[in-house]
Amino acid sequence: MLDQITPRRPLDVLCPMHVEVCEDGRILHVGPTVAKLCTEGTIVGTHFLDAFTLLRPKHVRSMQDLVALDGKTVHLRFDDEYGTPVKAVVVPGGEGDGSFATINMSFGIAIVDAVGRYKLTNADFAGTDLTIEMLYLVEAKSAAMEESRDLNTRLRGAMIAAEEQAFTDTLTGLKNRRAMDLVLSRKLGLGDSFACMHLDLDYFKAINDTYGHAAGDHVLQVAAQVLVDETRAQDTIARVGGDEFVLLIDQIDDPDRISQIATRMIARLEEPVPFNGHVCRISGSSGSVHVSQIENPTAEALLHAADVALYASKGAGRGRHTVFSPELLSLDITAPTGERGAARPPD
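None of the values given here were measured: they were computed from a predicted structure. (Residues numbered from 1 in each chain as written. Predicted model: local features only at pLDDT ≥ 70, side-chain atom pairs only at ≥ 80, totals over all residues. Heavy atoms only, no water.)

Participant: Summarise the overall build of the chain; cite the residues concerned and give the values.
Facilitator: Along the chain, the regular secondary structure elements total 12 helices and 13 strands. By the burial criterion, 43% of the 347 residues in the chain qualify as buried. Within the chain, contacts between residues separated by at least 24 positions form 58% of all contacts whose residues are at least 6 apart in sequence. Carbon together with sulfur atoms contributes 54% to the accessible area of the chain, which is approximately 17700 Å² in total. (Helix = DSSP H or I, 4+ residues; strand = E, 2+ residues; numbered from the N terminus. Buried < 20%, exposed > 50% of the residue type's maximum accessible area, 1.4 Å probe, protein only. Contact = heavy atoms within 4.5 Å. Areas by Shrake-Rupley, 256 points an atom, 1.4 Å probe, with all protein chains shown as cover.)

Participant: Can you break down the sheet that holds strand 13 (residues 321-323) residue by residue, with the values?
Facilitator: Strand pairing within a sheet occurs via backbone hydrogen bonds; the two strands may be parallel or antiparallel. On the basis of which strands lie adjacent, the open sheet formed by 5 strands has the order 8-9-7-12-13 and mixed pairing. This sheet does not close on itself; its edge strands, each paired only once, are strand 8 (236-239) and strand 13. Neighbour to neighbour, the strand axes of the sheet diverge by 15 degrees on average, direction disregarded. Of the pairings in the sheet, the one linking strand 8 to strand 9 (residues 244-250) comprises 4 bridges and is antiparallel in character. The partner of Ala238 across the bridge, within strand 9, is Val246. (Pairing = 2+ DSSP bridges. Axes fitted to C-alpha atoms, helices over the stretch in contact; angles between N-to-C directions.)

Participant: How would you explain a positive patch on the surface if you had to name every residue and give the values?
Facilitator: Taken together, the side chains of Arg56, Lys58, Arg61, Arg77 and Lys87 present a region of like positive charge at the surface. Note on placement: Arg61 falls in the loop between strand 3 (52-56) and helix 5 (63-67). (Patch = residues over 30% accessible without salt bridge, like charges linked within 9 Å, V, L, I, M, F, W, Y side chains within 5 Å. Salt bridge = Lys/Arg side-chain N within 4 Å of Asp/Glu carboxyl O. Lys, Arg positive; Asp, Glu negative; His and termini not counted. Charge placed at Lys NZ, Arg CZ, Asp CG, Glu CD.)

Participant: So what's going on with a negative patch on the surface? Residues and values would help.
Facilitator: Negative charge collects at one region of the surface, where Glu40, Asp50, Asp79 and Glu81 lie side by side. Position of Asp50 among the secondary structure elements: in helix 4 (residues 48-51).

What follows is the structure, encoded as structure tokens:
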């Protein structure tokens, strides 16, 4: 093994990828780079045609045939776990005693194999070998590609974050009106079965007027969490206005189930919300419509129907839910005091 890795001859420096063989084909010496490529141990002493498979030319059957190719290119393959192909030039003679021929493989290994499989560096080639320049190019290309991948990853992350921000209500973390419009349009396009609910907070204006906008923001966040808790992951909840929310409840067609969901939400919204030593009290009114109730449903028609049902809840005294029916369209419904979220005297 020491014979393989000690650069004791001029060819070891000038052609570190060379092999010297005797007349009977036994390997007498290998250059240091060839030794590095022999991952399964030393090949010194083995027959050349046992260590390498001759791919071209096909007619070569012996070392005499090989040496007869004096100066011509031959194609070989390492007989190891990788089977790495190389090109070589055969010349008669060599530096060692009994050398019958020298096979020079310099510049004959694919750069990708040299770097990827064997971790070769510029130290494994002669100083004037063009392979060194190619190694530099490969290293530079690899560094550039790695930097490009990192940049693409950062850009993709930034794009995803920007898109997420564009579709998210920053105060509550719910989807915003833009996101809701897209989801609603997609569900209609797919022909999904779903209910559209419009929910409005009652007495919310009194919170802002009495305790300030910080209290109002806190109440909105608490209300948003209530809506999340009472729905499923596949449902869509969006804040579409100051204290207005739209819910798209997926795969549901039973009006009673929709009313039960709304009733649970309203009951929880009426629970006191502490804030800085004060107690904030609100309620909620909602109206819903199932997509099957609208002939040739559109986003505008669904939202209008849910809005009409919501106004019916407001007109009936707030704190309740109404399921849309066509009869509601003919009624003159006005929310109490003519304003949503009308002020409720604080406790």
